Amino acid sequence: MIDINHLRENPDVHRASQRARGADVSLIDRILEADAERRNLITEYESLRAEQNAFGKRVARAQGEEKKALLAEVKELAVRVKEAQAASEAARARQDELVAVVDNLVLDGVPAGGEDDFVVLRTVGEPRDFAAEGFEPRDHLEIGELVDGIDMERGAKVSGARFYFLKRDVARLETALLLMGQDLALDNGFVPMTTPNLVRPEVMSGTGFDVAHSDEIYHVGKDELYLVGTSEVPLAGFHADEILDLSGGPLRYAGWSSCYRREAGSGGKDTRGIIRVHQFNKLEMFVYCSVEDAEAEHARMLAWEEEMLARCGLAYRVIDIAAGDLGTSAARKFDCEAWVPTQGRYRELTSTSNCTTYQARRLSIRERVPDVTDESGRTRKGGTRTVATLNGTLATTRWLVAILETHQQPDGSVRVPEALRPYLRGKEVVPVLR
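Here the residue numbers are simple positions, counted from 1 along each chain's written sequence. Owing to the predicted nature of the model, reporting of local features is limited to residues with pLDDT of at least 70; listing and counting of side-chain atom pairs is limited to 80 or more, with chain, interface and lining totals taken over all residues. For side-chain calculations, the full set of non-hydrogen atoms in the structure is used, while hydrogens and water are omitted.

Caption draft 1: Just the overall build of the protein chain, in detail. Along its length, the protein chain carries 13 helices and 20 strands. C-alpha atoms define the radius of gyration in this analysis, and the globule rule sets the expected value at 2.2 Å times the number of residues to the power 0.38. Taken over C-alpha atoms, the radius of gyration comes to 28 Å for the protein chain, far larger than the 22 Å a tight globule of 434 residues would show. Seen along its three principal axes, the alpha-carbon backbone of the protein chain occupies a region of about 105 × 60 × 35 Å. Burial analysis of the protein chain (434 residues in total) assigns 47% to the buried set. It only takes one pair of heavy atoms within 4.5 Å for two residues to be counted as in contact. Counting only contacts in the protein chain whose residues sit at least 6 apart along the sequence, the fraction spanning at least 24 positions is 72%. All accessibility values rest on the Shrake-Rupley procedure with a 1.4 Å probe; residue burial counts only the protein chains present in the view. Carbon together with sulfur atoms contributes 48% to the accessible area of the protein chain, which is approximately 21200 Å² in total. A residue counts as positive if it is Lys or Arg and as negative if it is Asp or Glu; His and the chain ends are not included. Where a charge lies is defined by one atom per residue type: Lys uses NZ, Arg uses CZ, Asp uses CG and Glu uses CD. Placing the 57 positive and 71 negative side-chain charges of the protein chain at their respective mean positions leaves the two points 4 Å apart. By definition, any uninterrupted DSSP run of H or I lasting at least four residues is a helix, any uninterrupted run of E lasting at least two residues is a strand, and each is numbered from the N terminus. Each residue is placed in one exposure class: buried if its accessible area under a 1.4 Å probe, protein chains only, is under 20% of its type's maximum, exposed if it is over 50%, and partly exposed if it falls in between.

Caption draft 2: Layout of the sheet that holds strand β10 (residues 279-289). Judged by pairing direction, the sheet is mixed, and its 8 strands sit side by side in the order β1-β11-β12-β13-β18-β10-β9-β4 without closing on themselves. Strands at the two margins of the open sheet, each flanked by one partner only, are β1 (119-124) and β4 (191-194). Within the sheet, the average angular offset between the axes of one strand and its neighbour, ignoring direction, is 25 degrees. Where β10 meets strand β18 (residues 388-396), 8 bridges bridge the pair, whose relative direction is antiparallel. Counted as the bridge partner of C289 is A388 from β18. In short, DSSP must find at least two bridges between two strands for them to pair. To get an axis, fit a line to the C-alpha atoms, keeping to the stretch in contact for a helix; angles then go from 0 to 180 degrees between the N-to-C directions.

Caption draft 3: Fine view of unusual backbone geometry. Of note, E224 is a non-glycine position whose phi angle comes to about 50 degrees, a positive value. With respect to the secondary-structure elements, E224 resides in the loop between β6 (219-220) and β7 (225-227). In the Ramachandran plot, S364 falls in the positive-phi region, its phi being about 55 degrees despite a non-glycine side chain. Of note, S364 is situated in the loop between α12 (358-363) and β14 (366-368).

Caption draft 4: Geometry of helix α8 (residues 168-187). Helix length check: α8, at 20 residues, gives a terminal C-alpha distance of 29 Å against a target of 28 Å (1.5 Å per residue), a fit within 8%. Two residues or fewer past α8, G189 is found with a positive phi of approximately 85 degrees. Expected span of a helix: the number of residues minus one, times 1.5 Å.

Caption draft 5: Spotlight on the environment of G149. Relative to the assigned elements, G149 resides in the loop between α6 (140-146) and β2 (150-151). We classify G149 as buried; its relative accessible area is 0%. Put simply, G149 and Y226 are 77 residues apart on the chain and 30 Å apart in space, counted from C-alpha to C-alpha. Setting aside residues no more than four positions away along its own chain, G149 makes contact with G144, F165, L166, K167 and V170.

Caption draft 6: How the structure looks around the sheet that holds strand β17 (residues 384-386). Judged by pairing direction, the sheet is mixed, and its 3 strands sit side by side in the order β8-β14-β17 without closing on themselves. Lying at the two open borders of the sheet, with one neighbouring strand each, are β8 (243-244) and β17. Note: β14 against β17, 3 bridges, orientation antiparallel. Bridged to R368 within β17 is T384.

Caption draft 7: Here's a closer look at the pairing of β18. Among the 9 residues in β18, 9 count as buried, and that is most of the element. Of the strand pairs in this sheet, strand β13 (residues 345-354) and β18 are connected by 3 bridges, and their pairing is antiparallel. Opposite N354, over in β18, you have L390 as the bridge partner.

Any functional reading would require information that these geometric values do not contain.
Dropping the structure here:
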């Protein structure tokens, strides 16, 4: 959630953030009103408590009729104290409800607007010119069927629409991609993780997902658990309610998991093939760091994503996502979109988000701040403070779409990108089998 102290001191900054997102600006004023009411009620409660304590001392010294009268007043005062306490707690709950629904404060420089208002930061590589090579490219599903690597029909028979089987070299290509990403993560100080696919509601909501109103999340009602749409969720909950030692730098985790999304709002989009499906595999970076390190860490995560795309020989562009399309937790997000030849456009393969302190505040994740001694020799206690969290994708099943289409050959076979060959026992070509 947002920092209420920062909001109180900088309301115009938060109003501007809401405006950039296309969200309800008046919510900020309602929070300020609730905050003022809460603070007034706390002051009233504390004043009555002090009066109650003073009465207790007078009663202890009093005798006879005076004591009886004071006891009657104490009884009446106790009722008022209890009522004041209840009122202040109710005000706190009202404020918390409002604060909980405010999206993260966007960072300076984030484009305003919605889904179509992103800014292209750079375009890398040239899309392959199939016309110059003299053949019409096949889409990834046709290729997948020719190499006997994708079976949508049996996926639907077993599980329903938007499910699939990966087979043979296509299944191995997916694993190779994830392994290559894991090796890149290891080389850059990430701890490899296999994460739970089911999480408690407090972890899902703590990460910023609205479990009460989201149609995108699979809910296992009998056990009150949720299937994750990304290993960002269990990795965010990994250090919940902990105080971290970040004196050695960021804590980096690379989570390998299956992911589940209902795609309830997709409205018939991308129903062909494996672009938009209910289950897929993903390797996700997740980082805990000090607030001062977050921006630089975000740039590093984007660079690692671009390195993966380059290794796969894909043409891509990097876009700066507009405020209204950031989602609840992100303060800034960069997407890498790869060129998909048969669609004639770029499609998202990776996202990396700087969530600043939003998730960590919800999940109570802090770092220990060292004591500081000034020039005069006085020491200021460091205490603790909320950390920043970031996430980013290194590989997903969807990458197969761009890889199969970009590296196809006239007969429908696929040339394996050189960087992936060691993970496929040196295989250079996925052959046609049908």
